[in-house]
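Structural characterization, general
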Number of protein chains: 2
Amino acid sequence: MTDQFTLQARTGAAMRLRRGQHLTIVNTHGTQVVDCWALSAADPAEHMSMPHCRNQWYRLTPRPGDLLVTNLRNPILRLVADSSPGIHDTLIPCCDLVRYHQLGIKGHHASCAENFTTALRSIAIEQRLPPPPLNLFMNVPLKANGALAVAAPDSKPGDHVDLEAEMDCIIVLSACPHDIFPVNGADCTPKDVAYAVR
Amino acid sequence: MTDQFTLQARTGAAMRLRRGQHLTIVNTHGTQVVDCWALSAADPAEHMSMPHCRNQWYRLTPRPGDLLVTNLRNPILRLVADSSPGIHDTLIPCCDLVRYHQLGIKGHHASCAENFTTALRSIAIEQRLPPPPLNLFMNVPLKANGALAVAAPDSKPGDHVDLEAEMDCIIVLSACPHDIFPVNGADCTPKDVAYAVR
């Protein structure tokens, strides 16, 4: 029996995985983007890196079986299973307060960048600048001319990905707080997701 | 009159630009990839960031007039002019020794990662891990299914880009030493390029 935790809408969580442990991330409502980071437990400056992953895959997005590698090209996670259509994003950075101000928000707005820093601080790690994350379930359609867009996730309620740790690592998850564009569904309303470690 | 410097094949260079200065990078032979980094002079942890640039452009690659922004979303450079067909890469990390070992090289091989660290050290800055660069002239064709490839540059001898500094910054250039795939032309032979600051 594996405990399943709720990651509340707009919030983040950090956790340690030992090599061989599995993390399942469940898109409870099907419409929520989950930003995912992985840092080496031995040296948090070594982190899962989307450019190095793309170089590993020769593809923009991971498929089941693919290794996710760090900025030192070491395997840190493996995408073991994915019940969704496999539409995830590796191109766009996490949202941050500057971005919300650019989009017209005044004052504070929750962001994946803040969730990253706050979640890491909860396990006594200080890191102010999040690396570019794996944006699970994020739908960034790419046109033939290289133009990008942001669309609602193409996943069903209950869709989930299973990641296995390839090294002892620290995972940070953020249920993206974006509520301006349909990043998190056509209703622009961030929702809870769930996760479990085994 | 502006002095033009040769950046020898397989080597790197670091330089300081004040806001408003221009850097021209000339693809002398038309076949050479030039990895380009920009770091804030005030805080080298703030650096030109391809994910943030893509979010700024809503496109994979820059066009003349586009701002290049940092991981804090501040403008650091502007692509003022580009005489090439505009095929540059923002998806792939710089080459490093681990990558050459993966490709079968034994022992040492020059790399853009080593050039980055060495060039910065020449101006008394220590940074061991290069951020993902703007790979000028690098041709990474992307298929509709998201698959990537690496092809020879699609530029002519003498093609050049002109970058203007939007903040005081440190630029690092590396004439990519890759000589296994046709990254640097069909003859897989790295070549000199040139640059000028005004």
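Residues numbered from 1 in each chain as written. Chains lettered and ligands numbered in written order. Predicted model: local features only at pLDDT ≥ 70, side-chain atom pairs only at ≥ 80, totals over all residues. Heavy atoms only, no water.

Turning to the overall build of chain A, a few remarks are in order. Counting secondary structure elements, chain A contains three helices and 10 strands. Its helices and strands in sequence order give chain A the pattern β-β-β-β-α-β-β-α-α-β-β-β-β, from N to C terminus. For chain A, whose C-alpha radius of gyration is 15 Å, the value lies close to the compact-globule estimate of 16 Å for 198 residues. Residues counted as buried form 57% of the 198 residues belonging to chain A. Considering only residue pairs separated by 6 or more positions, chain A has 75% of its internal contacts joining residues 24 or more positions apart. (Helix = DSSP H or I, 4+ residues; strand = E, 2+ residues; numbered from the N terminus. Rg over C-alpha atoms; globule rule 2.2 N^0.38 Å. Buried < 20%, exposed > 50% of the residue type's maximum accessible area, 1.4 Å probe, protein only. Contact = heavy atoms within 4.5 Å.)

Formed by 46 residues in total, the largest nonpolar core has its most connected members in A:Leu91, A:Leu120, A:Val172, B:Leu91, B:Leu120 and B:Val172. Mapped onto this core, the elements with two or more residues apiece are β4 (34–40), α3 (112–122) and β9 (169–175) of chain A together with β4 (34–40), α3 (112–122) and β9 (169–175) of chain B. The contact partners of B:Leu91, leaving out residues within four places of it in the chain, are A:Pro51, A:Arg54, A:Leu60, A:Leu91, B:Arg54, B:Leu60 and B:Leu148. (Core = buried A, V, L, I, M, F, W, Y, C linked by side-chain atoms within 4.5 Å.)

Note on the copies: chain A fits chain B at an RMSD of 0.0 Å, the axial shift is 0.0 Å, and the rotation between them is 180 degrees. The superposition of one copy onto the other is thereby described by a two-fold rotation axis. Within chain A, A:Ala144 has its C-alpha nearest the rotation axis, a separation of 3.6 Å. Most of the interface of chain A is mirrored in chain B: 100% of its interface residues are interface residues there too. (Least-squares fit on C-alpha atoms with pLDDT ≥ 70 in both.)

All names here are of chain A. Mapped onto the secondary structure, leucine 67 falls in strand β5 (residues 67–69). Overall, leucine 67 belongs to the buried group, its relative accessible area being 19%. The sequence separation of leucine 67 and cysteine 53 amounts to 14 residues, and the corresponding C-alpha distance is 7.6 Å. Those residues within four positions of leucine 67 in sequence are excluded, and the remaining contacts are Gln56, Trp57, Pro75, Leu77, Arg78 and Glu166.

All names here are of chain A. Mapped onto the secondary structure, threonine 189 falls in the loop between β9 and β10 (193–197). Counting along the chain gives 128 residues from threonine 189 to threonine 61, while the straight-line C-alpha distance between them is 25 Å. A polar contact is formed between the side chain of threonine 189 and the backbone oxygen of aspartate 187, at a distance of 2.8 Å. (Polar contact = N/O pair within 3.5 Å; in protein donor to acceptor, adjacent residues only side chain to side chain.)

The next thing to look at is the interface of chain A and chain B. Bring the parts together and some accessible area is lost; that lost area is often taken as the interface size. At the junction of the two partners, chain A supplies 31 residues and chain B supplies 31 residues. Both faces combined, the contact of chain A with chain B buries some 2900 Å², and carbon together with sulfur accounts for 56% of it. When the buried surface of chain A facing chain B is broken down by residue, A:Tyr58, A:Arg73 and A:Pro93 rank first, second and third, together holding 22% of it. Counting every contact that joins chain A to chain B gives four salt bridges. The salt bridge involving A:Asp43 is made with B:Arg128; its shortest N-O contact spans 2.8 Å. At the surface where chain A touches chain B, the tally comes to 14 residue pairs in polar contact (both at pLDDT 80 or more). Looking at the side of chain A that touches chain B, the elements with two or more residues in it are α1 (50–57) and α2 (97–102) of chain A. (Buried area = accessible area lost by both parts, 1.4 Å probe. Salt bridge = Lys/Arg side-chain N within 4 Å of Asp/Glu carboxyl O.)

Residues and elements named next belong to chain B. The six strands lie next to each other as β1-β10-β3-β8-β6-β5, forming an open sheet whose pairing is antiparallel. The two strands at the open ends of the sheet, each matched to only one other strand, are β1 (4–7) and β5 (67–69). On average, adjacent strands in this sheet sit at an angle of 25 degrees to one another, irrespective of strand direction. The pairing of strand β3 (residues 22–27) with strand β8 (residues 159–165) spans six bridges and is classified as antiparallel. Within β8, the residue paired with asparagine 27 across the bridge is aspartate 159. (Pairing = 2+ DSSP bridges. Axes fitted to C-alpha atoms, helices over the stretch in contact; angles between N-to-C directions.)

Okay, helix α1 (residues 50–57) of chain B next. An α-helical turn contains 3.6 residues, so a residue and the one three or four places further along point in the same direction. All names here are of chain B. Most of α1 sits out of view: seven of its eight residues are buried. Those residues of α1 not exposed but buried are Met50, Pro51, His52, Cys53, Arg54, Asn55 and Trp57. One or two positions beyond α1, positive phi appears at tyrosine 58, with a value near 50 degrees.

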